[in-house]
Amino acid sequence: MLSPAEILGPGGRIAARLPNYEHRREQLVMAEAVDCAIREKHHLTVEAGTGVGKSFAYLVPAILAAAGEQKSEGGSSCRVVVATHTISLQEQLMQKDLPLLGSVIPLEFSAVLVKGRGNYLCLRRLDNALGRAAGLFQDAEEFEQLRRLRDWSKETADGSLSDLGFRPLPIVWDEVSSDHGNCMGRACPKYGECFYHKARRRMWNAQILIVNHALFFADLSLRREGANILPEYDVVVFDEAHTIEGVAGDHMGLSITSGQVEYSLRRLYNDRTNRGLLVHHKLREAQHQVWECRERAADFFESVAAWLDHHEGGNGRVHQPGIVANPLSEGLRKLVATLRRHAREIEQPEQRQDFTAAANRLDAIARGITDWIDQNIVDSVYWIDRGFGRRRLRVTLAAAPIDVGPILREHLFSRVPTAIMTSATLATGGRRPSFDFFRSRVGLTQTETLWLGSPFDYQRQVQLILPKGMPDPAGDGPGYERRAIDMIRRYVARSDGRAFVLFTSYEMMKRAAATLGPWLAEQNLALYSQAEGLQRSRMLELFKSNPRSVLFGVDSFWQGVDVPGDALQNVIITRLPFSVPNRPLLEARLDAIRDAGGNPFRDYQLPEAILKLKQGFGRLIRSKQDTGMVVILDPRMRTKPYGRLFFASLPNCRQVVEAATE
């Protein structure tokens, strides 16, 4: 039977196929550890530095397990799920890594990219939308997009959004996309042609499934209720595993917005345009109930907003149930009963399904609001967010588990024989790296661990610059910000652009952009700032294509961004990335640590910030040819005792201390 060494080792199959392929000792060490974990059915946590080649290190053992002699307990082939956080990594696995490995490994295996159901066109719903378009849509663009979707449906290979040449409006796509609540299954007249069910059949027959973290944890959440999206699997590999606590918390919690309620009701009946499902079927009684529910919703969310105003100065956290009356759930349940009654009276199954789906959707919203008001989800924190969208007040009722660890331990780690967790940032510390923080946050009590440094020569490739004499951001925030903006100007000029400036505060980023904008224009340097509302992918495209540019980013640019080559030669970190401790979820987690006798700063805030700093630092060097500088403006790296822990977790590179004066 083939081993990872025969494929990845010196003189192995990949080296024979690719003459320029460079064997990496660290990659083979990781591959053999993953192979052992799969064979011996235990969990494995691996921090592998940038450049190790993590994807080959877990894909090779996964292929050998899926296509080789290893079998699941039922005697069938081993099935492996690979879950990633970013689309770019999924595309790399499917379009580059797996095809290459398939060409050099003499074993048959099948791999598919699993997409969420909402990515697929539903042919039955498309026909329904075409038949009652006048009652659904108003603008010419909406009708035109519906016609384009009809034409595309006759030629598309897989019926998914990635195969569509334009981005449809949400109001149009929501009427034609595949929807669990609006699916007739085998009773559907379009079942044989159904894009989603074709994809599901491919998924059930595949041995390796590539999914994103969101889909994986949506499936895990359903499994707690006895349902599932994914088939059974024997091995799960989490790449970019440092994100799984946050993604798991999102899917194990609850989020209901005022806009979501309004949108669901308007799809049934829009009194302003006289459009919607109920207008098409001329159901006046139900239309009146929709109007009444909208009134109840307005009153309910205004009451929630008023409660928030009354607790001005707080962070929106709700400590006790029943903060306002809940007439909305009652009104929604009455409307649900009416919709279900009309559904029973409709003879055509296709049209009946539209009513059933609408009723189920509203019933879920009603139950969610009741669960939030009554705080029925145990061991969770509840809070209110408020903002504005399209000039309307938007209120969000949110809840999340304080600790996802027990949930993951019970429903994932105790049930799946092998879970592989890997990332470039899972451990804190230097010579003796510790995985304790990561393991405690995800509930992983028993696992083998492996730490592999990067093969890159950071001493040669990176200069770490630490300005001396900066004000303390905790003691003199305004003074620190003024000096930090001066330093951004200095170091952006030194690299002539080609710089990421990473912020921990959206407001500081906006002020820095406003202050430095005129100077950047004088230098003929382009500025791409997240404050301008550009999508992250578009910002990256612009930055990579313009060598004289600067990118200002907040949280999403600290991780998962890959800019190899000369385009990026300077990463400026404006502040150590400590989370704001008054956000409801973080506040609750810190309270829980304190109540258990721990130290919130030492046990959570500090290790979390260390891992995030490692992520930000890692944006600079993506290949052995890359060079540049990382500038950390925060003086606490040098002035606080905990600064040495940050230094210990970074790669060993040249340090330069410079005076922070003009």
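All of these numbers come straight from a predicted model, not from anything done at the bench.

1. Things to note about the overall build of the protein chain
Next up, step 1: The number of helices and strands found in the protein chain is 27 helices and 18 strands.
Next up, step 2: Since a compact globule built from 662 residues should have a radius of gyration of about 26 Å, the 27 Å found for the protein chain is in line with a globular shape.
Next up, step 3: For the protein chain, the residues scored as buried account for 53% of the 662 residues in total.
Next up, step 4: Excluding contacts between residues fewer than 6 apart, the proportion of contacts in the protein chain whose partners are at least 24 apart in sequence is 76%.
Next up, step 5: Of the roughly 29,700 Å² of accessible surface on the protein chain, a fraction of 47% belongs to carbon and sulfur atoms.
Next up, step 6: Each charge sign in the protein chain was given a centre, from 85 positive and 78 negative side chains, and these centres are 2 Å apart.

2. A look at the environment of Leu-444
Next up, step 1: Mapped onto the fold, Leu-444 is located in the loop between helix H19 (436–442) and strand E11 (448–452).
Next up, step 2: Assessed through its relative accessible area of 3%, Leu-444 is described here as buried.
Next up, step 3: Apart from the residues within four sequence positions on either side, Leu-444 is in contact with His-43, Thr-45, Phe-413, Met-421 and Arg-439.

3. Comments concerning the packing of helix H24 (residues 584–595) against helix H25 (residues 600–617)
Next up, step 1: Interaxial distance between H24 and H25 falls to 9 Å at its minimum, and their mutual angle equals 145°. Across the interface between the two elements, Leu-586, Arg-589, Leu-590, Ile-593 and Arg-594 of H24 pack against Pro-600, Asp-603, Tyr-604 and Gln-605 of H25.
Next up, step 2: Class assignment for the residues of the contact of H24 with H25 results in five nonpolar, one polar and three charged.

4. Thoughts on the packing of aromatic side chains
Next up, step 1: Counted by the stated rule, this structure contains 18 aromatic pairs.
Next up, step 2: When the ring of Phe-500 is compared with that of Phe-557, the centres are 6.0 Å apart and the planes differ by 85°; the resulting orientation is edge-to-face. In this pair, Phe-500 sits in strand E13 (residues 499–502) while Phe-557 sits in the loop between strand E15 (549–553) and strand E16 (570–573), placing the two residues 57 residues apart along the sequence. Residue Phe-500 shares its accessibility class with Phe-557, and that shared class is buried.
Next up, step 3: Taken together, the aromatic side chains of Phe-216, Phe-217, Tyr-233 and Phe-238 make up a single cluster linked through ring pairs.

The rules we used
- Residue positions are given per chain, counted from 1 along the sequence in the order it is written.
- Selection of residues for local features in this predicted model requires a pLDDT of at least 70, selection of side-chain atom pairs for listing and counting requires 80 or more, and totals for whole chains, interfaces and linings are taken over all residues.
- To obtain the side-chain values, all non-hydrogen atoms of the structure were included, while hydrogens and water were left out.
- Only runs of H or I of at least four residues qualify as helices and only runs of E of at least two qualify as strands under DSSP, and these elements are numbered from the N terminus.
- Every radius of gyration here is taken over C-alpha atoms, with the globule rule written as 2.2 Å times N^0.38, N being the number of residues.
- Between buried and exposed lies partly exposed: a residue is buried under 20% and exposed over 50% of the maximum accessible area for its type, with that area taken using a 1.4 Å probe on protein chains only.
- Contacts are assigned to residue pairs that have any heavy atoms within 4.5 Å of one another.
- Reported accessibility uses the Shrake-Rupley method at a 1.4 Å probe radius. Residues are deemed covered only where the shown protein chains occlude them.
- Just so you know, the count uses Lys and Arg for positive and Asp and Glu for negative, and it drops His and the chain ends.
- For the purpose of locating charges, the reference atoms are NZ of Lys, CZ of Arg, CG of Asp and CD of Glu.
- Axes, fitted as lines to C-alpha atoms, cover a helix only where it is in contact. Angles between the N-to-C directions of the axes lie from 0 to 180 degrees.
- Three classes are used: nonpolar for Ala, Val, Leu, Ile, Met, Phe, Trp, Tyr, Cys and Pro, charged for Asp, Glu, Lys and Arg, and polar for all others, with Gly counted as polar.
- Stacked, tilted and edge-to-face pairs are distinguished by plane angle, under 30 degrees for stacked and over 60 for edge-to-face with tilted covering the rest, among Phe, Tyr and Trp rings (Trp via its six-membered ring) whose centres lie within 6.5 Å.

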